[in-house]
Amino acid sequence: AVVSTQSTGSTEWVLLNGGKVKVIAPDQKLKPEDWIDSFWKLDLRNFELGFKLTHIDATDSEITDVGSRYLRNAINLQHVSFAGCRFITDTTLPNLLSSAEA
C-alpha cells in the first residue's frame, strides 16, 4: 500500500496540537469509530502500511492557521470540528476547500 502523506501530515499536526482523529487503518486493532487522542496511540506500522484520515476533532486545541496547510488534499476527510479554536481564522478555509475538492 502507498502511504498517504496527506493523512500522515494532517494526523500528526492534529494530534501533536491537542486534537483527536479517526482513521481507517490496515491495523485491525483500530476500528473506524475509535477516536485517537494521542500521536503515541497510533501504531507506527500504520504509517508504513498507509491509512486514511476521516475525522478531525480539534475542539479547544492549539491548532493554528499556520498548520492548516497540512489539510490540503486530505481527500478522505468526512468531518472536521474547530470549535473553540482561538487560533483558527478564515485563513484556514482555502486549505479545507482544497481538501474537499481533491
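Residues numbered from 1 in each chain as written. Predicted model: local features only at pLDDT ≥ 70, side-chain atom pairs only at ≥ 80, totals over all residues. Heavy atoms only, no water.

**Student:** Got a sec to walk through the pattern of salt bridges? Specific residues and values, please.
**Tutor:** Under the defined criterion, the tally for this structure stands at three salt bridges. Between Asp37 and Lys41 there is a salt bridge; the shortest N-O distance is 2.8 Å. Under the relative-accessibility criterion, Asp37 is labelled partly exposed at 44%. Between Arg86 and Glu62 there is a salt bridge whose closest N-O contact spans 3.8 Å. (Salt bridge = Lys/Arg side-chain N within 4 Å of Asp/Glu carboxyl O. Buried < 20%, exposed > 50% of the residue type's maximum accessible area, 1.4 Å probe, protein only.)

**Student:** Tell me about the sheet that holds strand β3 (residues 79-81), residues and numbers included.
**Tutor:** Pairing is mixed across the open sheet formed by three strands, whose spatial order is β1-β2-β3. Each of the sheet's edge strands pairs with one partner strand only, and the pair in question is β1 (20-24) and β3. The sheet shows a mean angle of 25 degrees between the axes of neighbouring strands, direction not considered. Two elements, β1 and strand β2 (residues 52-57), share five bridges in a ladder whose sense is antiparallel. Along β2, the bridge assignment pairs Val21 with Ile56. (Pairing = 2+ DSSP bridges. Helix = DSSP H or I, 4+ residues; strand = E, 2+ residues; numbered from the N terminus. Axes fitted to C-alpha atoms, helices over the stretch in contact; angles between N-to-C directions.)

**Student:** Break down the packing of aromatic side chains for me, with residues and values.
**Tutor:** Overall, the coordinates contain two aromatic pairs when judged by the stated rule. Aromatic side chains Trp13 and Tyr70 sit 6.3 Å apart centroid to centroid with 40 degrees between the ring planes, which places their arrangement in the tilted category. Pair noted here: Trp13 is in helix α1 (residues 5-16) and Tyr70 is in the loop between β2 and β3, with a separation of 57 residues, a long-range link. Taking the centre distance of 4.9 Å and the plane angle of 85 degrees together, the rings of Phe39 and Trp40 count as edge-to-face. Trp40 sits in the exposed class, given a relative accessible area of 70%. Of note, Lys20 hangs over the ring of Trp35, and the distance from its end group to the ring centre comes to 5.2 Å. (Phe/Tyr/Trp six-rings, centres within 6.5 Å; stacked < 30°, edge-to-face > 60°. Lys NZ or Arg CZ within 6 Å of the ring centre and 35° of its normal.)

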